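Residues per chain are reported as follows:
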Amino acid sequence: MIQSYKKKPQLQETYDTIIIGSGMGGLATAAILSKQGQKVLVLERHYTAGGFTHIFKRKGYEWDVGIHYIGEMQRENSLLRKLFEYVTDGELKWADMGEVYDRIIIGEKQYDFVKGVKNFKKQLISYFPQEEETIEAYVNLVFKTVRSSKNFYMSKALPPFLNALFGRFMKKGFYQYSDKTTYEVLRSLTDNEALIKVLTGQYGDYGLPPKQSSFYMHASLVRHYFDGGSFPIGGSSQIVKTIDKVIEASGGTILISAEVDEVYIEKNTAKGVRMKDGSIFRSDKVVSNAGIITTYNKLLPPEIVNKHGLAAHLQKVRPSAAHLSLYIGLEGTPQELQLPKTNYWVYPEKGDHDSCVQNYLDDLSQPFPLVYLSFPSAKDPDWSNRYPGKSTIDIITIIPYEVFEKWSDTSWKKRGEEYDTIKEELAQRLLKVLYKQQPQLNGKVTYYELSTPITTQHFVNYEKGEIYGLDHTPSRFRQSFLKPRTKIKNFYLTGQDVATAGVGGALFSGVLTSMAMTGKNVLKKL
Ligand SMILES: Cc1cc2nc3c(=O)[nH]c(=O)nc-3n(C[C@H](O)[C@H](O)[C@H](O)COP(=O)(O)OP(=O)(O)OC[C@H]3O[C@@H](n4cnc5c(N)ncnc54)[C@H](O)[C@@H]3O)c2cc1C
């Protein structure tokens, strides 16, 4: 049954804008439009709001699903920080993760990524003293690449006639970086494979190893964290809580358990949405935050998809990797358990990242190509007020969707013995990695629960359980349809597929979508 996110909804006959999905992109679009006086209805199919920023609670613990750290929040003049302040009315507060935000662990060696560009470089040079020039050149290139993306993004929000005039020119500088793979660019700087493996030690943040990912995506991610990592005080749920107030202040509402069946289109113009229960909500404009694959395959009427040849668009992109998340509960405070705030990225000693991924895909009993350990309860200074005497840990790795595909039609928590057995084996393998890195935790875990790609499909409606929407290959950045405006009048896209994966990317997509819808550039206000 459709419910309000907070209390009994004051539903209207019609809205200025309806947004399908309450992910960061949908919420940001909603907040910006609300601040411009629009009445916005956000429809979320899950029983809780926030998309990947949602939290869930079980057995007296709480876990964040898709937020482990966010960059640029500790830098006063950062645009992302100002944007967060704008959409949350300054209510969302961030806790600094401290000096070391990421630790890259390769076999028995470890490499710390230290907050602040100077410190970052110094630390890396201490590990690779012969490579000082390479490291300097690399950091400069990262900055240059990110700078080149500004016009690329702005072109996405331009009206078609301006885009036709200036679009090509605006994107030109960007493509020289985005067209190359991360490995190609790094190999042009050095032939030191050990250094390349360390520099790309955060590839899990965008889901593709260096020989497949676009260098732009890599540079953007690395730059994002140069000033350290931050965690929302009070947990990820604070994002939707703070933005909800902004939406409500303009008469808008977030509804949960509210699954949209189809966008309601007349004469190639969006007029509202039809819900799974058959009811209709009308609006002047409709925005989909459900991801482009879900939007085209499930939410648009097939005749519209055919009319505009949208299926051909989907042939040009592919879903990102799927993942496993192990949610762990422990007795004891983060201090008692000596949990770090730093994220650990654990990699096999031998081989480059691409070959480790390939070995594992060929034979899943091979070592995980990447294991990410995150300690959210240690990052949140408010955690122990809410959950005294407890702690949590999340462990993430990649896994092909196909391993679990045959259970996609089964019901949550009732998928059968074979499914549970595979999950248990994988959970034990992940716990082993944790105990190797944090031996003091052996015997302290009181609860764990593994999510699979089917879980992601079930809760967030990504068809192949994809972790980051579309894959961040070089060709992805060449696809001109990955922008807010669509061929359907008054129908727009937002979310990570419009910009890039990451809460920052999704937030920024909200800026672009609102700009394309209203012609107002919210960045000027900031
Ligand atoms: C495990 C994991 C860890 C991550 N860690 C980080 C991190 O540490 N830092 C970081 O910056 N980013 C991280 N990310 C990435 C980040 O969370 C996402 O890129 C971002 O939140 C995506 O936002 P979005 O706006 O695209 O929407 P999404 O969060 O994808 O939300 C889309 C919403 O649409 C809803 N929807 C779909 N279909 C319908 C329908 N028919 N009707 C109504 N609603 C519908 C879905 O239920 C969902 O709520 C992580 C992601 C994952 C999965």
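Just so we're clear, the structure is a prediction, and the values are computed from it rather than from any experiment. (Residues numbered from 1 in each chain as written. Predicted model: local features only at pLDDT ≥ 70, side-chain atom pairs only at ≥ 80, totals over all residues. Heavy atoms only, no water.)

### Observations concerning a positive patch on the surface
Now for step 1: A cluster of basic residues, Lys267, Lys271, Arg282 and Lys489, forms a positive patch at the surface.
Now for step 2: Positionally, Lys489 belongs in the loop between α17 (453-460) and β20 (491-493). (Patch = residues over 30% accessible without salt bridge, like charges linked within 9 Å, V, L, I, M, F, W, Y side chains within 5 Å. Areas by Shrake-Rupley, 256 points an atom, 1.4 Å probe, with all protein chains shown as cover. Salt bridge = Lys/Arg side-chain N within 4 Å of Asp/Glu carboxyl O. Lys, Arg positive; Asp, Glu negative; His and termini not counted. Charge placed at Lys NZ, Arg CZ, Asp CG, Glu CD. Helix = DSSP H or I, 4+ residues; strand = E, 2+ residues; numbered from the N terminus.)

### Quick word on the site of the ligand
Now for step 1: Looking at the ligand, there are 36 residues lining it, with Gly25, Glu44, His68, Tyr462 and Gln496 nearest.
Now for step 2: Here Phe52 contributes a backbone N or O atom positioned 2.7 Å from an oxygen atom of the ligand.
Now for step 3: Interatomic distance of 2.7 Å between a backbone N/O atom of His68 and an oxygen atom of the ligand.
Now for step 4: When the ligand sits alone it has 1000 Å² of accessible area, and the protein chains cover 98% of it.
Now for step 5: Elements represented by at least two residues in the shell around the ligand include exactly α1 (24-35), α17 and α18 (503-518).
Now for step 6: Partitioned by chemical class, the residues of the shell around the ligand number 21 nonpolar, 12 polar and 3 charged.
Now for step 7: Per-domain counts for the shell around the ligand show at least three residues from each of domain 1 (3-54 + 81-88 + 234-317 + 479-525) and domain 3 (319-460). (Near = heavy atom within 4 Å. Polar contact = N/O pair within 3.5 Å; in protein donor to acceptor, adjacent residues only side chain to side chain. Nonpolar A, V, L, I, M, F, W, Y, C, P; charged D, E, K, R; others polar. Domains from an automatic or database assignment.)

### Structural notes on the packing of helix α4 (residues 132-156) against helix α6 (residues 182-189)
Now for step 1: It is the contact of α4 with α6, at a shortest axis distance of 10 Å, that shows an interaxial angle of 140°. It follows that α4 is oblique to α6 by the angle criterion. In this structure, the crossing between α4 and α6 has a hand that is right-handed. On the side of α4, the interface is formed by Thr134, Ala137, Tyr138 and Leu141, while α6 contributes Val185, Leu186 and Leu189.
Now for step 2: Here the residues of the contact of α4 with α6 are counted per class, giving 6 nonpolar, 1 polar and no charged. (Axes fitted to C-alpha atoms, helices over the stretch in contact; angles between N-to-C directions. Parallel < 35°, antiparallel > 145°, perpendicular 65-115°, else oblique. Left-handed = near helix turned anticlockwise from the far one by under 90°. Contact = heavy atoms within 4.5 Å.)

### Observations concerning the environment of Gly351
Now for step 1: Locating Gly351 in the fold gives a position in the loop between β16 (343-347) and α13 (353-362).
Now for step 2: Linking Gly351 and Leu337, residues 14 residues apart in sequence, is a C-alpha distance of 33 Å.
Now for step 3: Setting aside its immediate chain neighbours within four residues, Gly351 contacts Lys197 and Cys356.

### A look at the sheet that holds strand β19 (residues 445-451)
Now for step 1: In space, the 7 strands of this open sheet follow the order β9-β8-β16-β17-β18-β15-β19, with mixed pairing throughout. Looking at the sheet topology across the chains shown, the edges are occupied by β9 (109-114) and β19. Between one strand axis and the next, the sheet turns by 20° as a mean value, whatever way the strands run.
Now for step 2: Judged from the 6 bridges that link them, strand β8 (residues 100-106) and β9 form a sheet pairing that is antiparallel. Across the sheet, Ile104 pairs through a bridge with Tyr111, a residue of β9.
Now for step 3: Against the sheet, helix α3 (residues 117-127) engages β8 and β9, with an angle of about 160° to β9. (Pairing = 2+ DSSP bridges.)

Interpretation note: all reported values are geometric properties and have no functional meaning in isolation.
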